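So you can see what is in the structure, the chains are spelled out below.
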Amino acid sequence: MSKLNANSLKRFDAITMIRHYGTVAFGVVMFIVFSVLCKSFCTWDNLMIMLRSMSMLCICALGFTFVMAAGGFDMSIGDASGLINMIFVYSLISYGNLPLSIVLGLLIGVGVGLLNGVLAGVIGLPDFIATYAVGSITLGIKMLLSKGNPTNIPRDAGLPSLTFAIGQGRVNILGAEVPVPVLIMIVFCILVVFILKKTPLGRRIYAIGGNKVASQYSGINVKKYRVISFLFSGVFLAVASIIQTSRLGSGQPLAGTDFLMDTIAAVYLSTTMFGEGEPTPEGTITGVFIITMLTNGMTMLGMQYYFQYITKGVIVILAVMMSIALGKKSK
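Below, the structure is looked at part by part. (Residues numbered from 1 in each chain as written. Predicted model: local features only at pLDDT ≥ 70, side-chain atom pairs only at ≥ 80, totals over all residues. Heavy atoms only, no water.)

Turning next to the nonpolar core. Of all hydrophobic cores here, the largest spans 60 residues; its most connected members are Phe66 and Phe236. For this core, the leading source of residues is helix 2 (residues 44-69), giving 15 residues. Among all residues touching Phe66, those that are not within four sequence positions of it are Val192, Ile195, Leu196, Ile205, Ser229, Phe232 and Phe236. Counting 14 residues, the second largest nonpolar core, distinct from the first, contains Cys38, Met50, Ile291 and Met293. (Core = buried A, V, L, I, M, F, W, Y, C linked by side-chain atoms within 4.5 Å. Buried < 20%, exposed > 50% of the residue type's maximum accessible area, 1.4 Å probe, protein only. Helix = DSSP H or I, 4+ residues; strand = E, 2+ residues; numbered from the N terminus. Contact = heavy atoms within 4.5 Å.)

Structure (structure tokens):
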């Protein structure tokens, strides 16, 4: 009998370990595989390339984490990113004022988040429908403004050097060149971990995501905090879009299109880590790094881009399945 109990405990421990750290272990294994197959993969320069590439996606995904933690979903981020991108560039060219352009970009993000929050959180439309409709509206506006054409940011127009430094600059830290977007990402990572893990706001958002009805009965204003979660998503998307625009040096109507799929993949991956069954900021950060690492590794190995889309699609399917399974276990 004791042997049977010991075997059951060992099996339980193995399953628990897989539930908690299986996704992280997968990331570690893939990192080792890419390092063996490609000598230039595990280098400081390539690590900085990956961190710079993931910085914009990470900030966007952290905003999306607020929405999913509150039990919501946001389909508007891909199209809204392009609108923010174009508004930022047009205002920069028209007025030559970087702070004003940043504020306008942030206001577009706030507007998108507020509209999503009101439609989904207050009026009660299904999140998918409400945010998809808002995304469609932003798609139409940005195409109307740009006619589908990109607009370059002129380097000889007397714009502040910070215009390009936001996305392209580097800072020397202890002799190492660290991209500015990476430093911005680190600040946002610390901020989100603190808000979601250490503040009443974060606890209420998670409570709503766990059970909206119970949260309502316990005195939490569910509509208010749902709107707040969408506002976080909109503002973080705006920051990511401004960094991306600075990095590209131009306004691209279709910029940020990949944000949607990659963000969904990363945040759903976060629900499979550490046995939580719910999105966490540290899980999102790890998920973004795994997605970026896979893209970078496959590119360095010369794999065609369509294999990367297939891989991301498979990851989303597996992550959602694992998230559902973990959710049932936790209940």
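Once you've had a look at it, read on.
A word on helix 4 (residues 98-123). The terminal C-alpha atoms of helix 4, which comprises 26 residues, lie 36 Å apart, in line with the 38 Å expected from a rise of 1.5 Å per residue. In helix 4, a bend of some 25 degrees at Gly117 exceeds every other bend along the element. Within the sequence span of helix 4, burial applies to Leu98, Ser101, Gly105, Gly109, Val112, Gly113, Asn116, Gly117, Leu119, Ala120 and Gly121. Contacts from the buried residues of helix 4 go to helix 3 (77-95), helix 5 (127-146), helix 6 (162-168) and helix 10 (222-248). Taken from the residues just after helix 4, Gly124 is the one with a positive phi, measuring 100 degrees. (Expected span 1.5 Å × (residues − 1). Bend = angle between axes of the 7 residues up to and from the residue.)

In this structure the tally under the stated criterion is eight aromatic pairs. Residues Phe31 and Phe41 carry aromatic rings whose centres are separated by 5.2 Å and whose planes lie at 65 degrees to one another, so their mutual orientation is edge-to-face. Within this pair, whereas Phe31 is found in helix 1 (residues 2-37), its partner Phe41 is found in the loop between helix 1 and helix 2, the two being separated by ten residues in sequence. Note on Phe34 and Phe41: the rings are 5.4 Å apart at their centroids and 45 degrees apart in plane angle, and the pair reads as tilted. Cluster of aromatic residues (ring-pair linked, three or more members): Phe66, Phe188, Phe232 and Phe236. (Phe/Tyr/Trp six-rings, centres within 6.5 Å; stacked < 30°, edge-to-face > 60°.)

What follows covers the pairing of strand 2 (residues 170-173). Note: strand 2 against strand 3 (residues 176-179), four bridges, orientation antiparallel. Across the sheet, residue Val171 finds its bridge partner in strand 3, namely Val178. Taken together, strand 2 and the strand that follows it, strand 3, pair antiparallel across an intervening segment of two residues, in which Leu174 is found at a positive phi of about 55 degrees. (Pairing = 2+ DSSP bridges.)

The next point concerns the side chain of Ser233. Here Ser233 lies in helix 10. On the basis of relative accessibility, which here comes to 1%, the residue Ser233 falls in the buried class. Engagement of the side chain of Ser233 in a polar contact is seen with the side chain of Asp74, the distance being 3.0 Å. (Polar contact = N/O pair within 3.5 Å; in protein donor to acceptor, adjacent residues only side chain to side chain.)

Positionally, Thr280 belongs in the loop between helix 11 (259-270) and helix 12 (281-300). Taking the relative accessible area as the measure of exposure, Thr280 reaches 0% and is therefore buried. Polar contacts involving the side chain of Thr280 include one to the main-chain amide nitrogen of Gly283, which spans 3.1 Å.

Mapping Leu37 onto the fold places it in helix 1. Relative accessible area serves as the criterion here: at 57%, Leu37 is assigned to the exposed category. Here the alpha-carbon distance between Leu37 and Gly297, two residues 260 residues apart in the chain, equals 9.2 Å.

Okay, the pattern of salt bridges next. Taken as a whole and assessed by the stated rule, the structure comprises three salt bridges. Between Asp79 and Lys142 there is a salt bridge, with the nearest N and O atoms lying 3.8 Å from each other. Of this pair, Asp79 sits in helix 3 while Lys142 sits in helix 5, and the two are 63 residues apart along the sequence. In this structure, the salt-bridge partner of Glu282 is Lys197, at a minimum N-O distance of 3.5 Å. (Salt bridge = Lys/Arg side-chain N within 4 Å of Asp/Glu carboxyl O.)

Bringing the packing of helix 2 against helix 7 (residues 180-198) into the picture now. Look at helix 2 against helix 7: their axes get within 9 Å of each other, and the N-to-C directions meet at 25 degrees. Taken together, the axis directions place helix 2 and helix 7 in an arrangement best described as roughly parallel. Judged by the sense of rotation from one axis to the other, the crossing of helix 2 with helix 7 is left-handed. Contact residues: Leu51, Arg52, Met54, Ser55, Cys58, Ile59, Leu62, Thr65 and Phe66 in helix 2; Pro181, Val182, Ile184, Met185, Phe188, Cys189, Val192, Ile195 and Leu196 in helix 7. The residue makeup of the contact of helix 2 with helix 7, split by class, is 15 nonpolar, two polar and one charged. (Axes fitted to C-alpha atoms, helices over the stretch in contact; angles between N-to-C directions. Parallel < 35°, antiparallel > 145°, perpendicular 65-115°, else oblique. Left-handed = near helix turned anticlockwise from the far one by under 90°. Nonpolar A, V, L, I, M, F, W, Y, C, P; charged D, E, K, R; others polar.)

Following the criterion strictly, the structure yields zero disulfides and no others. The structure places no disulfide on Cys189, whose sulfur is separated from the nearest cysteine sulfur, that of Cys58, by 3.8 Å. Look at Cys189 and you get buried, because its relative accessible area is 11%. (Disulfide = S-S within 2.5 Å.)

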